[in-house]
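What follows is the residue order along each chain.
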Amino acid sequence: MSNWTQVVELENIPLLGSRVFRSGEQEIAIFRTREGRVFALHNACPHQRGVLSEGIVHGNRVTCPLHNWVINLEDGEAQGADEGQTACFEVQVRQGIVYINL
Ligand code: FES
C-alpha cells in the first residue's frame, strides 16, 4: 500500500547528514549521502536502539554512534559480522521535496 508523505525539503538535509521526521510514535531518520542519494530508516539501530540519525554517513551506510555497527542505508541491514535489520522506507524526491512511503 502506498502512503507517500511529504517529509522535508531536500536542501534542508545536509550532505552526509540527516533530518528526523516523526509520524505518530514512529521516528524516521532521513539521510543524504555525499552523492546526494536520500534514504529513510527507522531511527533506531537494530543492536540496542542507538539513534542512527546521530551516526556518521559514509557511502550508502551509516555508523551507529553507540557501538559502531554499520547499517546499510539501502535495506537497513547490519553489515559485517553483525546481524539485525532496521525498517527502511521507500523515498522519492520530486521538485526538491522528499517524500517517504510510510
Ligand atoms: S546500538 Fe547501534 S551499535 Fe549498538
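Before reading further, recall that the structure is shown in the block above.
Keep in mind the model is a prediction, meaning the values are calculated, not measured.

Caption draft 1: Spotlight on unusual backbone geometry. One non-glycine residue with positive phi stands out, namely leucine 16, at about 60 degrees. The class for leucine 16 is partly exposed, based on 13 C-beta atoms found within 10 Å. With phi around 60 degrees, arginine 49 is a residue other than glycine that occupies positive phi space. By C-beta crowding, arginine 49 is classed as partly exposed, having 13 other C-beta atoms within 10 Å.

Caption draft 2: Focus on the sheet that holds strand β7 (residues 70-72). Pairing is antiparallel across the open sheet formed by three strands, whose spatial order is β5-β6-β7. Sheet topology places β5 (56-58) and β7 at the edges, where each strand pairs with a single neighbour. Between one strand axis and the next, the sheet turns by 30 degrees as a mean value, whatever way the strands run. One ladder, built from three bridges, connects β5 with strand β6 (residues 61-63); its direction is antiparallel.

Basis of the calculations
- Each chain carries its own residue numbering, running from 1 in the direction its sequence is written.
- Local features in this predicted model are restricted to residues of pLDDT 70 or higher, and side-chain atom pairs are both shown and tallied only at a pLDDT of 80 or more, whereas totals for entire chains, interfaces and linings draw on every residue.
- Between the buried cut of 20 or more and the exposed cut of 12 or fewer other C-beta atoms within 10 Å of a residue's own C-beta lies the partly exposed class, and all C-beta atoms are placed from the backbone.
- Criterion used throughout: strands pair if DSSP finds at least two bridges between them.
- Strands are runs of DSSP state E lasting at least two residues, helices are runs of H or I lasting at least four, and both sets are numbered from the N terminus onward.
- Orientation is described by axes fitted as lines to C-alpha atoms, over the contacting stretch for helices, and by angles from 0 to 180 degrees between their N-to-C directions.

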